[in-house]
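These are the residues of each chain, in order.
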Amino acid sequence: MQVLGISGSLRGGSHNTELVRAAGALIEAGDAEFDVYDGLKLVPPYDKDDDVPDAPAAVAHMRAAIVGADAVLFATPEYNSSIPGQLKNAIDWLSRPIATNVLRNKPVTVVGASTGMFGAVWAQAELRKVLAATGARVVGGELPVPHAHERFDKDGRLNDPELEQALADVVRSLVEAVRPVSEESATPAA
Ligand SMILES: Cc1cc2nc3c(=O)[nH]c(=O)nc-3n(C[C@H](O)[C@H](O)[C@H](O)COP(=O)(O)O)c2cc1C
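Reading the values: the criteria
Residues numbered from 1 in each chain as written. Predicted model: local features only at pLDDT ≥ 70, side-chain atom pairs only at ≥ 80, totals over all residues. Heavy atoms only, no water. Helix = DSSP H or I, 4+ residues; strand = E, 2+ residues; numbered from the N terminus. Rg over C-alpha atoms; globule rule 2.2 N^0.38 Å. Buried < 20%, exposed > 50% of the residue type's maximum accessible area, 1.4 Å probe, protein only. Contact = heavy atoms within 4.5 Å. Areas by Shrake-Rupley, 256 points an atom, 1.4 Å probe, with all protein chains shown as cover. Lys, Arg positive; Asp, Glu negative; His and termini not counted. Charge placed at Lys NZ, Arg CZ, Asp CG, Glu CD. Salt bridge = Lys/Arg side-chain N within 4 Å of Asp/Glu carboxyl O. Pairing = 2+ DSSP bridges. Right-handed = clockwise from strand over helix to strand, strands pointing away. Core = buried A, V, L, I, M, F, W, Y, C linked by side-chain atoms within 4.5 Å.

Peer 1: Looking at this structure, how should I read the overall build of the protein chain?
Peer 2: Counting its regular elements, the protein chain contains six helices and six strands. Here the C-alpha radius of gyration of the protein chain, 16 Å, is about what a compact globule of 190 residues would show, namely 16 Å. Along the first, second and third principal axes, the C-alpha set of the protein chain runs to 55 × 50 × 25 Å. Within the protein chain, the proportion of its 190 residues that are buried is 45%. Here the contacts in the protein chain between residues at least 6 apart in sequence split such that 75% fall between residues at least 24 apart. Counting only carbon and sulfur atoms, one obtains 52% of the accessible surface of the protein chain, whose full area is about 9,700 Å². Positive and negative side-chain charges of the protein chain, numbering 17 and 26 respectively, have mean locations separated by a distance of 4 Å.

Peer 1: Can you walk me through the pattern of salt bridges in this structure?
Peer 2: Side chains that differ in charge, positive against negative, can pair when their charged atoms come close. Scanning the entire structure with this criterion turns up eight salt bridges. For Arg63, the salt bridge identified is with Asp51, shortest N-O distance 3.2 Å. Of this pair, Arg63 sits in helix 2 (residues 57-67) while Asp51 is found in the loop between strand 2 (33-36) and helix 2, placing the two residues twelve residues apart along the sequence. By relative accessible area, Arg63 is classed as buried at 14%. Salt bridges sharing partners connect three or more residues here, namely Asp169, Arg172 and Glu176.

Peer 1: In this structure, what is going on with the pairing of strand 4 (residues 107-113)? I would like to understand it.
Peer 2: For a regular strand, the rule is simple: side chains alternate between the two faces of the sheet. Most of strand 4 sits inside the fold, with seven of its seven residues counted as buried. Residues Pro107, Thr109, Val111 and Ala113 of strand 4 are buried on one face, and the alternating residues Val108, Val110 and Gly112, pointing to the opposite face, are buried as well. The pairing of strand 3 (residues 71-76) with strand 4 spans five bridges and is classified as parallel. Residue pairing across strands places Ala75 opposite Val111, the latter belonging to strand 4. In this view, the connection linking strand 3 to its parallel neighbour strand 4 by way of helix 3 (residues 85-94) has right-handed handedness. Sheet topology note: the strand 4/strand 5 (residues 137-138) ladder contains two bridges and is parallel. The residue bridging Val108 from the neighbouring strand is Val138, located in strand 5.

Peer 1: Would you mind going over the nonpolar core with me for this structure?
Peer 2: Nonpolar side chains in soluble globular proteins generally cluster together in the buried interior. Ranked by internal contacts, the top residues of the largest apolar core, which has 29 residues, are Ile6, Phe74 and Leu131. Elements with a contribution of two residues or more to this core: strand 1 (2-7), helix 2, strand 3, helix 3, strand 4 and helix 4 (121-134). Counting residues per element, this core draws most heavily on helix 3, at five residues. Counting residues in hydrophobic clusters, the runner-up holds 24 residues, among them Leu158, Leu163, Val170 and Ala177.

Rendered as structure tokens:
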């Protein structure tokens, strides 16, 4: 199983990228492979005239990364009570063609970190709405990480055990959403 992590922040010291990595570290060995997507900044502004079968390279690259993943974990910052423009722009590209877009039926989950006291809750709600509109299967509850500049230790782990457990629960929900129903409901023979 492949899980892709996407941080909605472009900056080098991003707390959301730290959060994506912390989530990846919580995937139990053997459950899934985890990669962090690093091409978000290269995605051009959405222009329907450019949205042709021979899509811009950065768009094709991102679409292929989503296709290659069984599930996607997004960590979003909050910019002015919503999601960063570049993240929304990328999802607009990913959402087309509408009937066959690469997010359709894909298990996705959303977490978020902000330096403020609410932990990007509005941005997470917005992102869940946008992802649901693409047809993605949004799983798990929200995970706000407030005061994010104080929340990671030197190894990149969340320094609050309750928060780390909540992140582990989100990751587990995502992995379980991928497992075939037959595997989940399999019961040992009596
Ligand atoms: C343009 C801009 C708008 C922001 N708006 C909000 C906001 O509405 N709510 C909030 O909690 N933090 C807001 N912040 C602070 C971000 O949460 C903080 O910079 C956070 O660390 C960004 O995520 P990152 O560390 O992953 O880059 C804003 C920051 C920027 C640059």
